[in-house]
Amino acid sequence: MLLTDSPKVSTHSPRKEMPQFLSSNSLTSSYSFASPRTPSSPIHYAFSQSMMEENIDNEESIITKWDLNSSSFTKIISIFNHNRKEATEFLTRVKDLRQAMHFLVAQNSSSSKLVLAQTLMHTAMKRLEKEFYQILSANIDQLDPDSVSSRSTDRTSTIEDGDDFGSEEELKLAGEEELKLAGESITKVDRVSALAMSDLKSIADCMISSGYGKECVKIYKLLRKSTVQEGLYQLGVERYRSSHTHKMNWEALEHVSKHWMSTIKIAVKTLFTGERILSDHVFSASNPIRESCFSDITKEGARNLLRFPQLVAKQKKSPERIFLLMELYKVLFDLHPEIESIFSFESMSVIKIQALSSLQTLGESVCSILSDFESTIQKDSSKTRIAGGGIHPLTRKVMTYLSSLADYSGILSEIFTAHPPSRTTQLPESYFDSTAPIMSVHLARLILVLFCKLDCKAELYKEMSLSYLFLTNNHHFIVEQVRSSHLKDLLGDDWVSKHAKKVRQYALSYESMAWTKVFSTLTDTISPAMTPEVAKECFQRFNAAFEEAYRKQTSWIVPDRKLRDELKVSVAKKLVPVYREFYDAHSPMLSGQKNLELLVRFGPEDLGNFLSDLFHGTSSLGSSSSSRNSPRGCMPR
């Protein structure tokens, strides 16, 4: 790596012999810039060498002033905090010293000034190493990832460009420009942070180009990794282990998952993003170094965070857990582009692989739960008949579940795109448009499976009319659930219309089965030539048929009020007018009969009142008189 490739000066005291690292072969192969060309004449060469040696003497004064081993006050203060103009000059002197050393190594490796240059370079690097540490540690709060990620590198470019800091006035103007670009959200702390970032970059550039990148990087990694770990700790991130999550009950795991969903957003958008911005800026001079720093600082924490959804997805599966898995998937899916961008370095491919692996496992678990849910519907073997032909618990359970699933249609569509259902889950185009979105097709299939199961449940009723009422109730419930939820947007108006028509067909079948016998007692009975005896028999047959139908159906139930009224009104419209015509034509001829009230038990107005008692699930036939006095009725007279 570049960190170990660059040469550095010896830390031992100066020696008269040429240090090994300053050999011409070492320098020319290690430094990134080319050696100066050989002077064209002895005079030019002598002049250049003399100038370079003089430069070394000139650099000595300012470098030794800031020697950490000196006894002056400069030993304990920061050059960057004490005098920024002098800090700029110090960096310039180090650059000049480096150029002089290159020249002498290439042209006159026996120059006595090289030993002095070696000592001065070592002194300068020790000072910069300390300055780097002090700036980095003193500005931890200002260089926290949240602060750094709130600014792009462009916002601080007015301060950061080049190694020179400029005058105090220039720095002030640069800070004001930064505030202008960043808007109201950029505070005074941000300007301090921008200056600190600029200082760190300048020192890093100087140390790396001088062969001391390893020391600089070591300090940076130590402090920044500690900062990231502290940030994750404050976010409540723990070490996620499979053995730990496996022992959690579902409530606890759900709580931890909700916390993770909030944490991962902050970690990606501020913690890791800010750290990437900072390392990219400070070590912009070296791609390998900035990659190494960012990777070593964030890899462990990022991998631990991104592994958590995978651990949750591997827990025991049940239908109700699908919603948490989809929420985890959505959060990770939405963050995935940023994760790919932040961890774009090749050395961090393990992070991107972990993110994809967690998405993959979550998606597979969601599909597995839906597949198991479909199997549960198909395998339901309950033989219990629902009293009164009401709504089956399976119908309520499935439709409540599917209505909730529809609210996650966007993320489910993404999951189905990544994990296409098998061909066996497709639907014939005659039932549902095969070109519809895969999410819609899948939900339509699950409802079809429920329809098929309800057909089997209907066969459990001995009364055919009750089985049709059962189908009417359950199909109507399904249609209304679709109509009143996001399912309608997914299945479409055609689906709703088609199955609403099916409900009406079932209702007509119920009506025909339940009331045919009553209707038949009135067929062809209206005749002017009918004798009182025949009329008496007709009334008796009607009474018996109506009472039998009534007794049965008062124990039946239609939970939906609108459907209940529609069924009663439909029966009343067909029955009451026909009976009124019969009643008006033949009841007068029986006026002299004994026990007339028992013979003609129902007046036309009574039928509506009795019909209004139906489908409430209460079985009792009231007396004729009480019914006649009741104001209730489905049909106006």
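You'll find the structure just up there.
Being a predicted model, the structure only gives us computed values, none of them experimental. Throughout this description, residue numbers start from 1 for each chain and increase along the sequence as written. Totals for whole chains, interfaces and linings use every residue, but because this is a predicted model, local features are given only for residues with pLDDT of at least 70 and side-chain atom pairs only at 80 or more, for both listing and counting. Computation of side-chain values covers all heavy atoms of the structure but excludes hydrogens and water.

## Quick word on the overall build of the protein
Across its full length, the protein carries 26 helices and 0 strands. Buried residues in the protein amount to 50% of all 637 residues. Whether two residues are in contact is decided by their heavy atoms, any of which lying within 4.5 Å being enough. Contacts in the protein between residues far apart in sequence, at least 24 positions, make up 80% of those at least 6 positions apart. Only carbon and sulfur atoms are counted for the fraction: they give 51% of the accessible area of the protein, which is about 30600 Å². Here a helix means four or more residues in a row that DSSP labels H or I, a strand means two or more in a row labelled E, and each is numbered from the N terminus. Under the scheme applied here, a residue whose accessible area is under 20% of the maximum for its type counts as buried, over 50% as exposed, and between as partly exposed, the area being computed with a 1.4 Å probe on protein chains only. Every accessible area reported is derived by Shrake-Rupley at a probe size of 1.4 Å, with residue values counting cover from the shown protein chains alone.

## Regarding the nonpolar core
Side-chain atoms within 4.5 Å are what join buried Ala, Val, Leu, Ile, Met, Phe, Trp, Tyr and Cys residues into a set we call a nonpolar core. In terms of nonpolar packing, the biggest core is built from 162 residues, with F132, F283, L402, W515 and F546 touching the most fellow members. A per-element tally of this core places helix α21 (residues 487-520) first, with 13 residues. If we ignore the near neighbours within four places in the chain, the residues touching F283 are F132, A204, I208, C216, V217, Y220, I289, R290 and C293.

## Considerations on helix α23 (residues 561-586)
The first and last C-alpha atoms of α23 sit 36 Å apart over 26 residues, in line with the 38 Å expected at 1.5 Å per residue. Bending of α23 peaks at approximately 30° at the position of A572. Listing the buried residues of α23 in full gives L563, R564, L567, K568, S570, V571, A572, L575, V576, Y579, F582 and H586. Where the residues of α23 are buried, they touch α20 (464-483), α21, α22 (532-554) and α25 (604-611). Definition of a polar contact: a pair of N or O atoms within 3.5 Å, with one able to donate and the other able to accept a hydrogen when the atoms are protein atoms, and with sequence-neighbouring residues admitted only if both atoms are side-chain atoms. Where α23 begins, the capping side chain belongs to D560, and its oxygen is found 3.2 Å from the backbone nitrogen of K562. Expected span of a helix: the number of residues minus one, times 1.5 Å. Take the seven residues that end at a residue and the seven that start at it, fit an axis to each, and the angle between those axes is the bend at that residue.

## A short note on the packing of aromatic side chains
Note on aromatic pairs: the rings of Phe, Tyr and Trp (six-membered ring only in Trp) are paired at centre separations within 6.5 Å, and the planes decide the class, stacked below 30 degrees, edge-to-face beyond 60, tilted for the rest. Under the criterion given, the structure shown has 30 aromatic pairs. Both rings, one in F539 and one in F582, keep their centres 4.6 Å apart while their planes meet at 50°; by these two values the pair is tilted. Linking F539 in helix α22 with F582 in helix α23, this pair joins segments that are 43 residues apart in sequence. This pair shows no difference in class: F539 is buried, exactly as F582 is. Between the aromatic rings of Y550 and F610, the centroid separation amounts to 5.2 Å while the plane-to-plane angle is 85°, which identifies the pairing as edge-to-face. In this pair, Y550 is assigned in helix α22 and F610 in helix α25, connecting sequence segments 60 residues apart. F610 carries the same exposure label as Y550, and that label is buried. Placement of a charge over a ring requires the Lys NZ or Arg CZ to be within 6 Å of the ring centre, with the centre-to-atom vector within 35 degrees of the ring normal. The lysine or arginine in question, R276, covers the ring of F294, its NZ or CZ lying 5.8 Å from the ring centre.

## Re a positive patch on the surface
Together, R239, R241, R303, R307 and K314 make up a region of like positive charge exposed at the surface. For R307, the location among the structural elements is in helix α14 (residues 287-313). R307 sits in the partly exposed class, given a relative accessible area of 30%. Only residues whose relative accessible area exceeds 30% and that take part in no salt bridge are eligible for patches, with like-charged residues grouped when within 9 Å of each other and nonpolar side chains (Val, Leu, Ile, Met, Phe, Trp, Tyr) grouped when within 5 Å. Note on definitions: salt bridges are taken to be side-chain nitrogens of Lys or Arg within 4 Å of carboxyl oxygens of Asp or Glu. Counted charges follow a simple rule, with Lys and Arg positive, Asp and Glu negative, and His plus the chain ends left uncounted. All charge positions are set by atom: Lys at NZ, Arg at CZ, Asp at CG, Glu at CD.

## A look at the packing of helix α16 (residues 349-379) against helix α19 (residues 438-458)
The description of two helices packed together rests on the angle between their axes and the distance between the axes. Where α16 meets α19, the axes come as close as 9 Å, and the angle between the chain directions of the two elements is 15°. Classed by the angle they form, the pair α16 and α19 counts as roughly parallel. Of the two possible hands of crossing, α16 and α19 adopt the one that is left-handed. From α16, L370, E374, I377 and Q378 reach across to α19, where they touch H442, R445, L446, V449, L450 and K453. Residue polarity is assigned by list, with Asp, Glu, Lys and Arg as charged and Ala, Val, Leu, Ile, Met, Phe, Trp, Tyr, Cys and Pro as nonpolar; anything else, Gly included, falls into the polar class. Broken down by class, the residue content of the contact of α16 with α19 amounts to 5 nonpolar, 2 polar and 3 charged. Axes here refer to lines fitted to C-alpha atoms; in helices the fit is confined to the stretch in contact. Angles between the N-to-C directions go from 0 to 180 degrees. Should an angle fall under 35 degrees it is called roughly parallel, over 145 degrees roughly antiparallel, and 65 to 115 degrees roughly perpendicular, with every other angle called oblique. If you view the pair so one helix is near and one far, a crossing is left-handed when the near helix is turned anticlockwise from the far one by less than a right angle, and right-handed when it is turned clockwise.

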